[in-house]
Amino acid sequence: KDVHLKTGGIIPPVAQKLHRENIEEVISQAIERSKVSSSELTAIATTVKPGLALSLGVGLEYSLKLVAQFKKPFIPIHHMEAHALMIRMINPVTFPFLVLLVSGGHSILALARGVTDFQLLGQSLDEAPGDTLDKIARRLSLIKHPQCGTMSGGQAIEHLAKEGNRLMFELKLPMSQNLDCNFSFAGLRNQVNQIISKKEKEEGIQNGQILSCAADIAASAQHTIAVHVAKRTHRAIMFCKMSGLLPDKDSALVVSGGVASNQYIRKVLQVVANATKSSLLCPPPHLCTDNGVMIAWNGIERLSVGQGILHNTEGIQYEPKAPLGSNISEQVKNAAIKLPRLKFTV
C-alpha cells in the first residue's frame, strides 16, 4: 500500500515486481498459519481473469508450479465472480440475487443465478468509480492534506467529504437520459477538474496546493457518484422484478468490490434497498477489496457444484479482459424503465 501511495496509484510493472518478490512468502505463511499441510489440500484456486496482465501472469505461473508439485486439481477463478459470491461465505444468500460490483477497475450490475451462472445488466462505459475517486483525489493533491497523507484516494475523498458541503457545487448526473443500467464516470471527473481549475485561479494557488474548498468538492463528487450508482442499481432491481428474474419481496442486493467499503455510498444504496423491499448485503470492508479469501471461497463454491475443476492445466492462460456472464443489457435498455423519484438525503 505504501508503495502505491507514493506512485499515486497502481503502476502495473511496480505491482508485478511486488507480486514476484512476495508471492512465495505470502503463500508459505498462509499454509503455515492455516495448519493445513499440502497433502490435505483439495485443490488450488487462482485468479486468471480479468485484471492486470503482469500480475495475473505471476500468480498463474506460481500456481501451476504448486499444482505440479502437490499433484492437485486446478480451479481457475473469475475475479468478479469471486467478489460476487464472497457474501455467501458469511451469509447464506440463496440464488438468484442482484450484485453490484464497484471497484477501482470495474463497475458492474449482474444477476447471480448460480455459482457459475451470471447475467450482465450493465457496466461502465469508460472508467470505474474507484478510479474516478482516486483521480479526483490526485487532482486535489489530497496526499499533501494533513489528514489524508496515509490514505488511498478513495479513502481520502470519503474522509474529507464528511467535513464538506455537497451543495456548494452542482454536478450534472451522468447518463440521466439513458434508461439503462450502464455507468459513466469520465464526464463527471471532467466536471470536477473544471471546478478545481476555476477555484485554483480564484484562490491564486498553483496545481499541487490544497484548495480551501477541497472538502466541498470531495463531498459533491462523492454524492454524485453515489446517486449515479444508486439510480442504475434501482433500475436493475426494477427490471429483474418486472421480468420475473428476482422475487417481488425479500430479494437481495449484494454490493462488493473496493468502493463498497465507502459508507456514504452504502447509505445511498440503502435508500434504494428500502424503496424496493430488498436486503442490502455487503461483506466486511477487508473482504470487499481484492483478497485471497474470496478466491479460495470461489474455489470451494465450484468444488461444491463440481464445475470448473481442471485435472489437466495444459493450455491454461490468463485473460486481462473477460466479461461476466451473458450480456442482457440490451434487454434492459429496451425496457426503458423510468424511475420513481427517491430522496437521497443521507
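Residues numbered from 1 in each chain as written. Predicted model: local features only at pLDDT ≥ 70, side-chain atom pairs only at ≥ 80, totals over all residues. Heavy atoms only, no water.

Caption draft 1: Molecular detail of the sheet that holds strand S5 (residues 117-123). Sheet architecture is open: 6 strands sit in the order S7-S6-S3-S4-S5-S8, paired in mixed fashion. Edge positions in the sheet fall to strand S7 (278-281) and strand S8 (326-327), since each of these pairs with one other strand and no more. In this structure, strand S3 (residues 97-102) lies alongside strand S6 (residues 251-256), joined through 4 bridges in parallel fashion. The residue of S6 that forms the bridge with Leu98 is Leu253. Most of the contacts of helix H9 (residues 263-275) go to S7, to which it runs at about 160°, and overall it touches S3, S6 and S7. (Pairing = 2+ DSSP bridges. Helix = DSSP H or I, 4+ residues; strand = E, 2+ residues; numbered from the N terminus. Contact = heavy atoms within 4.5 Å. Axes fitted to C-alpha atoms, helices over the stretch in contact; angles between N-to-C directions.)

Caption draft 2: Representation of the state of the cysteines. A full pass over the atoms with the stated rule returns 0 disulfides. Cys240 supplies the cysteine sulfur nearest to Cys181, a cysteine that is in no disulfide, at a spacing of 7.8 Å. On the accessibility criterion, Cys181 (0% relative accessible area) is buried. Here Cys240 falls in the buried class, since its relative accessible area comes to 0%. (Disulfide = S-S within 2.5 Å. Buried < 20%, exposed > 50% of the residue type's maximum accessible area, 1.4 Å probe, protein only.)

Caption draft 3: Region of the structure containing the pairing of S3. Of all the 6 residues making up S3, 6 are buried; the element is thus mostly covered by neighbouring parts of the structure. Side chains Phe97, Val99 and Leu101 project from S3 onto one buried face, and the interleaved Leu98, Leu100 and Val102 project onto a second face that is buried too. Two strands pair when backbone bridges link them, and S3 and strand S4 (residues 107-114) are joined in this way by 6 bridges, in the antiparallel orientation. Bridging from a neighbouring strand, Leu101 pairs with Ile108 of S4. What sits between S3 and S4 in their antiparallel hairpin is a turn of 4 residues.

Caption draft 4: Spatial organisation of the side chain of Glu81. Within the secondary structure, Glu81 sits in helix H4 (residues 79-85). A distance of 2.9 Å separates the side chain of Glu81 from the side chain of Arg302, its partner in a polar contact. Contacts of Glu81, omitting those with residues within four sequence positions, involve Val115, Thr116, Phe118, Asn298, Arg302 and Leu324. (Polar contact = N/O pair within 3.5 Å; in protein donor to acceptor, adjacent residues only side chain to side chain.)

Caption draft 5: Geometry of the nonpolar core. Among the nonpolar cores identified, the biggest contains 61 residues, and Leu98, Leu100, Leu121, Leu140, Ile217 and Val255 are the most heavily contacted of them. Among the elements of the structure, S3, S4, helix H5 (129-139), helix H6 (153-161), helix H7 (186-203), helix H8 (214-242), S6 and H9 are those that each provide at least two residues to this core. If sequence neighbours within four positions are ignored, Ile217 has contacts with Leu140, Phe169, Val192, Ile195, Ile196 and Leu211. With 18 residues, the next largest nonpolar core counts Met80, Ala110, Val115 and Leu324 among its residues. (Core = buried A, V, L, I, M, F, W, Y, C linked by side-chain atoms within 4.5 Å.)

Caption draft 6: Molecular detail of the environment of Leu121. Counting through the fold element by element, Leu121 comes out in strand S5. Overall, Leu121 belongs to the buried group, its relative accessible area being 1%. Through-space distance from the C-alpha of Leu121 to that of Leu324 is 10.0 Å; in sequence the pair is 203 residues apart. Excluding residues that lie within four positions of it along the chain, Leu121 makes contacts with Leu98, Leu109, Ala110, Leu111, Cys181, Ala236, Phe239, Cys240, Ile328, Ser329 and Val332.

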